[in-house]
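Residue-level structural notes
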Amino acid sequence: MQRLMKELICPKCGNPTHNLYENVCKNCFLKQFKLAELDPVISTQICARCGSKYERGQWTDTKHDTNTVLEKVESELLLHENADIIELGFEPQKLTPYQYIVNIYIQAEIYGMPLEEKLTTEVRVQRSVCDACSRIAAGYYEGIIQLRASNRNPTDEEKKKCDHLVRDTLSRMEKKGDRLAFISNMSSSKEGTDYYIGSSGACRQICKIITSKLGGEHQESPSLFSQRDGKELYRVSYAVRLPKYVPGNILYFNNQVLQIKNCDKKAKCIDLQTGKKVIASIEDIEKAEFLGVYNDSILAVLVAIEDNAIMVLDPTNYQTVTLKKPFFLTAREGEEIPVLKTEYGIIPIPEEIEA
């Protein structure tokens, strides 16, 4: 009787078969076939200081946990190139913080045959010190930010704002992958603050943010400090100069008495007589004459209020002086108001703004 289907002979075992898998029968194929391979012991590195992980030849800010262990196992798992419809299951067992046993369950199809396999590996977590922590410990820095102010000392409030901007910028840059975005050292005095920063690029970004928020300018001064692999390495000093004047300062400028309201890229002021807003460049406003701040004021009795004028009692010689009525005046006759006594006369100033 004629066979309905032609039988093949397995060249390895000699048994008849209807199909060959990689030139052998199914039984011989499965005996020699490996669906997946995995080393019985896998090692991974973490930083003992910051917990970052070493992978693919570099340190990353990914923190070590069970998920990173499973990611390491999956990256080391080798599956057969012809495996299809693959499903993986992981069963981790934490023996110690630095030792795991992981069972891997694999389901796949090979040439239409459903196959299952279970593998087990031990993951050993080795502790070392990452590149960033090594440099921090060694006091490494690429740039120095020298925070100062023009012709004065920075105020405590300015120092506080700048410190927040420095740390916030470094935090954001570190999250974006700049592992040198750290402060290795800092020193502070009444003249200002010096920040020693691991990344020169971070220094430049910090300077731009400080001057955009608080005004002023910065300059860069590179200096050669070493060579590596024939390449010259430079450290850069970034001199940040905050503006000469700050919000609350009262100035005499272009025959006007102005009080600074805001000072960043431009000086935004208000005319204390008319209430008009005045905007001037930082370069121009620094040429103005400084008259004082709220704390320099003295109290004068408001004697009378007329249409566009007021009469006050000079607190030094007790003579009555007539002045143009300021736009901000809310006091009543007989009350005291703060004034500055200058070579341009007595100047009433608002109470709500202090420098």
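Residues numbered from 1 in each chain as written. Predicted model: local features only at pLDDT ≥ 70, side-chain atom pairs only at ≥ 80, totals over all residues. Heavy atoms only, no water.

In the annotation of an unreviewed UniProt entry, the entry for the chain reads NMD protein affecting ribosome stability and mRNA decay, and the organism field reads Methanohalophilus euhalobius.

1. Digging into the sheet that holds strand 21 (residues 298-305)
Strand pairing in a sheet relies on backbone hydrogen bonds, with the paired strands running either antiparallel or parallel. What counts is decided by this rule: Two strands are counted as paired when DSSP detects at least two bridges linking them. Under the DSSP-based scheme used, a helix requires at least four consecutive residues in state H or I and a strand at least two consecutive residues in state E, with every element numbered from the N terminus. Comment: axis = line fitted to C-alpha atoms, over the contacting stretch for helices; angle = value between 0 and 180 degrees taken between N-to-C directions.
What the five strands build is an open sheet, ordered 23-22-21-24-25; its pairing is antiparallel. Every interior strand has two partners, whereas the edge strands, strand 23 (320-324) and strand 25 (345-348), have only one. Direction aside, neighbouring strands of the sheet carry axes that sit 45 degrees apart on average. With four bridges connecting them, strand 24 (residues 336-342) and strand 25 associate as antiparallel partners. Bridge assignment links Leu 340 to a residue of strand 25, and that residue is Ile 347.

2. A look at the pairing of strand 5 (residues 52-55)
Across two bridges, the pairing between strand 4 (residues 41-47) and strand 5 is antiparallel. Bridging across to strand 5, Ile 46 finds its partner in Lys 53. Hairpin connection, strand 4 to strand 5: the antiparallel pair is bridged by four residues, and Gly 51 has positive phi, about 80 degrees. The pairing of strand 5 with strand 6 (residues 58-63) spans four bridges and is classified as antiparallel. Within strand 6, the position partnered with Ser 52 by the bridge is Lys 63.

3. A look at the packing of aromatic side chains
This is how it is decided: Pairing of aromatic rings covers Phe, Tyr and Trp, the last through its six-membered ring, and needs centres within 6.5 Å; plane angles under 30 degrees mean stacked, over 60 mean edge-to-face, and all others mean tilted. We call a residue buried when its accessible area falls under 20% of the maximum for its residue type, exposed when it is over 50%, and partly exposed in between, using a 1.4 Å probe and counting protein chains only. Consider the ring centre and the ring normal. A charge sits over the ring if Lys NZ or Arg CZ is within 6 Å of that centre and within 35 degrees of that normal.
Under the counting rule described, the total for this entry stands at five aromatic pairs. Plain terms: the ring middles of Tyr 245 and Phe 290 are 6.0 Å apart, the flat faces sit at 10 degrees to each other, and that makes the pair stacked. With Tyr 245 in the loop between strand 15 (231-242) and strand 16 (250-253) and Phe 290 in strand 20 (residues 289-292), this pair connects stretches of sequence that are 45 residues apart. With relative accessibility at 5%, the residue Tyr 245 sits in the buried group. Judged by centre distance (5.3 Å) and plane angle (90 degrees), the rings of Phe 327 and Phe 328 are edge-to-face. Phe 327 sits in the partly exposed class, given a relative accessible area of 41%. Using a relative accessible area of 17% as the deciding quantity, one classes Phe 328 as buried. The side chain of Arg 135 reaches across the aromatic face of Tyr 140, ending 4.9 Å from its centre.

4. Side note on a nonpolar patch on the surface
In plain terms, the rule: Patch rule: a residue counts if its relative accessible area is over 30% and it has no salt bridge; like charges are joined within 9 Å, and nonpolar side chains (Val, Leu, Ile, Met, Phe, Trp, Tyr) within 5 Å. A 1.4 Å probe and the Shrake-Rupley method give the accessible areas. Residues count as covered only by the protein chains that appear here. Any Lys or Arg side-chain nitrogen located within 4 Å of an Asp or Glu carboxyl oxygen qualifies as a salt bridge.
Among the surface-exposed residues, Leu 79, Ile 86 and Leu 88 lie close enough to one another that they form a single nonpolar patch of about 200 Å² accessible area. Mapped onto the elements, Leu 88 comes out in strand 8 (residues 84-96).

5. Thoughts on unusual backbone geometry
Despite not being glycine, Asn 151 shows a phi value in the positive range, around 55 degrees. For Asn 254, which is not glycine, the phi torsion reads 55 degrees and is therefore positive. Given a relative accessible area of 57%, Asn 254 falls into the exposed group.

6. Quick look at the side chain of Asn 103
Just so we agree on the cut-off: Pairs of N or O atoms are called polar contacts if they sit within 3.5 Å, as long as, within protein, a hydrogen donor faces a hydrogen acceptor (for residues adjacent in sequence, only side-chain-to-side-chain pairs). Contacts are assigned to residue pairs with any non-hydrogen atoms lying within 4.5 Å of each other.
Position of Asn 103 among the secondary structure elements: in strand 9 (residues 99-110). Within the structure, Asn 103 has its side chain in polar contact with the side chain of Thr 120 (distance 2.7 Å). If near-sequence neighbours (up to four positions away) are discounted, Asn 103 is found in contact with Gly 89, Phe 90, Glu 91, Lys 118, Leu 119 and Thr 120.

7. Some details on the layout of surface pockets
Convention followed: Put simply, the grid is 1 Å and covers the protein atoms alone, a cavity is a trapped set of points that fit a 1.4 Å probe, a pocket is an open set with protein on both sides within 12 Å along at least five of seven lines, and lining residues have an atom within 4 Å of a point. Grid points are joined across faces, edges and corners, and a volume is the space filled by probe spheres set on the points. The nonpolar class holds Ala, Val, Leu, Ile, Met, Phe, Trp, Tyr, Cys and Pro. Asp, Glu, Lys and Arg form the charged class, and all remaining residues, Gly among them, are polar. Note that domain bounds follow an automatic or database assignment of domains.
Volume-wise, the largest pocket comes out at about 430 Å³. Lining the largest pocket are 21 residues, with Arg 152, Thr 155, Glu 158, Val 246 and Pro 247 positioned closest to its centre. Among the secondary structure elements, those contributing two or more residues to the lining of the largest pocket are helix 4 (156-175), helix 5 (200-214) and strand 17 (256-263). Element by element, the count of residues in the lining of the largest pocket is highest for helix 4, at three residues. For the lining of the largest pocket, the per-class residue count stands at eight nonpolar, six polar and seven charged. Here the lining of the largest pocket spans two domains, and each of domain 2 (138-240) and domain 3 (247-346) adds at least three residues to it.

8. Remarks on the domain arrangement of the chain
Which entries qualify depends on this criterion: The term buried area denotes the loss of accessible surface (1.4 Å probe radius) that occurs when two parts are joined, taken as the sum for both partners.
What the domain assignment reports for the chain is domain 1 (32-126), domain 2 (138-240) and domain 3 (247-346). One C-alpha centre belongs to domain 2, the other to domain 3; they are set 38 Å apart. With seven residues of domain 2 in contact, the opposing surface of domain 3 contributes four residues. Summing both sides of the interface, domain 2 and domain 3 together bury roughly 300 Å²; the carbon and sulfur share of this comes to 49%. Where domain 2 packs against domain 3, one counts zero salt bridges.

9. Digging into the pairing of strand 23
Note: strand 22 (residues 309-313) against strand 23, five bridges, orientation antiparallel. In the sheet register, Ile 310 faces strand 23, and the bridge partner there is Leu 323. With antiparallel pairing between neighbouring strands as the criterion, strand 22 and strand 23 make up a hairpin whose turn holds six residues, including Tyr 318 at a positive phi of roughly 60 degrees.

10. Some remarks on helix 4
Just so we agree on the cut-off: What a helix is expected to span follows from its residue count: subtract one and scale by 1.5 Å. Our arc is simply the arc of the directions from the helix axis toward the C-beta atoms.
In this model, helix 4 (20 residues) spans 29 Å end to end at C-alpha, consistent with the 28 Å of a helix rising 1.5 Å per residue. Within the sequence span of helix 4, burial applies to Glu 158, Lys 159, Cys 162, Leu 165, Val 166, Thr 169, Leu 170 and Met 173. Projected down its long axis, helix 4 shows its buried positions confined to an angular sector of 125 degrees, all on one face. Pointing more than 90 degrees away from the buried face of helix 4 are the exposed residues Asp 156, Lys 160, His 164 and Lys 175.

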